[in-house]
Amino acid sequence: MVVAAGQGPERYHDTYAAKDTAPAKARQDVALYLSTWNLGHLAEAARTIVSELVTNAVTHTDTRRIGVSVTRTGTTAVHIVVTDCSRQPPLPDAGSRSDPVNLTEHGRGLLLVEALSTRWGTEQLATGKRIWADLDTTKDTDL
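Presented here is an overview of the structure given in this document. Throughout, a residue's number is its position along its own chain's written sequence, starting from 1. Reporting of local features is limited, given that this is a predicted model, to residues whose pLDDT is at least 70; pairs of side-chain atoms are given and counted only at 80 or more, and all residues count toward the totals for whole chains, interfaces and linings. Heavy atoms throughout the structure, all of them, feed into the side-chain values; hydrogens and water do not.

Considering the overall build of the protein
The secondary structure listing takes helices from DSSP runs of H or I that are at least 4 residues long and strands from runs of E that are at least 2 residues long, numbered from the N terminus. Helices and strands together make up the secondary structure of the protein, namely 4 helices and 5 strands. Of the regular secondary structure in the protein, the N- to C-terminal order runs β-α-α-β-β-α-α-β-β. When burial is assessed residue by residue, the protein has 41% of its 143 residues classed as buried. The contact definition used throughout considers only heavy atoms, calling two residues in contact when any of these lie within 4.5 Å. Of the contacts made within the protein by residues no fewer than 6 positions apart, 62% connect residues no fewer than 24 positions apart. For the area figures, the Shrake-Rupley method with a 1.4 Å probe applies, and any residue is considered shielded solely by the protein chains shown. Accessible surface for the protein amounts to roughly 8,000 Å². Of this, 50% is attributable to carbon and sulfur atoms. A 1.4 Å probe rolled over the protein chains alone gives each residue an accessible area, and that area as a share of the maximum for its type sets the label: buried under 20%, exposed over 50%, partly exposed in between.

Put into structure tokens, the structure is as follows:
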């Protein structure tokens, strides 16, 4: 389906099997929607955020399906959400903050999410958790 630039649904949502291929597929899908919405300038940060959050769900939970949604919240902003069935909150590695030169493998992704997003957070759900991140080019971020 061909959609005129800047047109299309205000929200993209899909679910992915919790497999090693999920982060790449989610990155690709999110970038496509951002381009459709004329928000391609957010694509690099959004791909990184989605990749890190989906990878965490694949690696650190026993969920079978991972939900990913991106909602266009303005002409310069999007709201990204990743859901899984784990109730375990995501925790960045405390050692990573004190020694950024020697970031450990676990926890580094959430530090990237924090650095790239305008703001981010997590919410417990009856069926698991939701991790969200906002990107807005009109706000100061560490991009």
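Following the structure, the description resumes.
Describing the environment of Leu110
Along the chain, Leu110 falls in helix H4 (residues 108-116). On the basis of relative accessible area, Leu110 is assigned to the buried category, the value being 3%. A sequence separation of 57 residues divides Leu110 from Leu53, and the C-alpha atoms of the two residues are 7.8 Å apart.

Some remarks on unusual backbone geometry
One non-glycine residue, Asn38, lies in the positive phi region at around 60°. Tracing the chain through its elements places Asn38 in the loop between helix H1 (22-36) and helix H2 (43-60).

Notes on the packing of H2 against H4
It is the contact of H2 with H4, at a shortest axis distance of 9 Å, that shows an interaxial angle of 150°. The orientation of H2 relative to H4 falls into the category roughly antiparallel. The way H2 lies across H4 gives a crossing that is left-handed. Residues Ala45, Thr48, Ile49, Glu52, Leu53 and Asn56 of H2 form the contact with H4, whose own contacting residues are Arg108, Gly109, Leu110, Leu112, Val113 and Leu116. When residues are sorted by character, Ala, Val, Leu, Ile, Met, Phe, Trp, Tyr, Cys and Pro go into the nonpolar class, Asp, Glu, Lys and Arg into the charged class, and all the rest, Gly among them, into the polar class. A class-by-class count of the residues in the contact of H2 with H4 yields 7 nonpolar, 3 polar and 2 charged. Fitted lines through C-alpha atoms give the axes, limited to the stretch in contact for helices. The angle between two N-to-C directions lies from 0 to 180 degrees. By definition in this entry, angles of less than 35 degrees are roughly parallel, angles greater than 145 are roughly antiparallel, angles of 65 to 115 are roughly perpendicular, and the rest are oblique. Handedness of a helix crossing follows the sense of rotation of the near helix relative to the far helix, less than a right angle counterclockwise being left-handed and clockwise being right-handed.

Observations concerning the nonpolar core
A general tendency of soluble globular proteins is for nonpolar side chains to be buried together. In this description, a nonpolar core means a group of buried Ala, Val, Leu, Ile, Met, Phe, Trp, Tyr and Cys residues linked to one another through side-chain atoms lying within 4.5 Å. Core analysis: the largest hydrophobic core is formed by 30 residues, its most contacted members being Leu34, Val54, Val68 and Val78. For this core, the elements supplying multiple residues, two or more each, are strand S1 (11-17), H1, H2, strand S2 (65-72), strand S3 (77-84), H4 and strand S5 (128-136). Excluding anything up to four places from it in sequence, Val68 contacts Tyr12, His13, Asp14, Tyr16, Ala26, Val30, Val50, Val54, Val81 and Val82.

Looking at the sheet that holds S3
Adjacent strands of a sheet pair through backbone hydrogen bonds, lying either parallel or antiparallel. Here 5 strands make up an open sheet; going across it, the order is S1-S2-S3-S5-S4 and the pairing antiparallel. At either end of the open sheet lies a strand with only one pairing partner, and these are S1 and strand S4 (119-125). Between one strand and the next, the sheet's axes are offset by a mean angle of 15°, whatever the strand orientation. Pairing between strands requires that DSSP locate at least two bridges from one strand to the other. Bridge count between S3 and S5: 8 bridges; the pairing is antiparallel. When the sheet's bridge partners are listed, Asp84 is paired in S5 with Lys129. Against the sheet, H1 touches S1, S2 and S3, its axis set at about 170° to S1. Its contacts with the sheet put H2 on S2, S3 and S5, and the angle it makes with S3 is roughly 10°.

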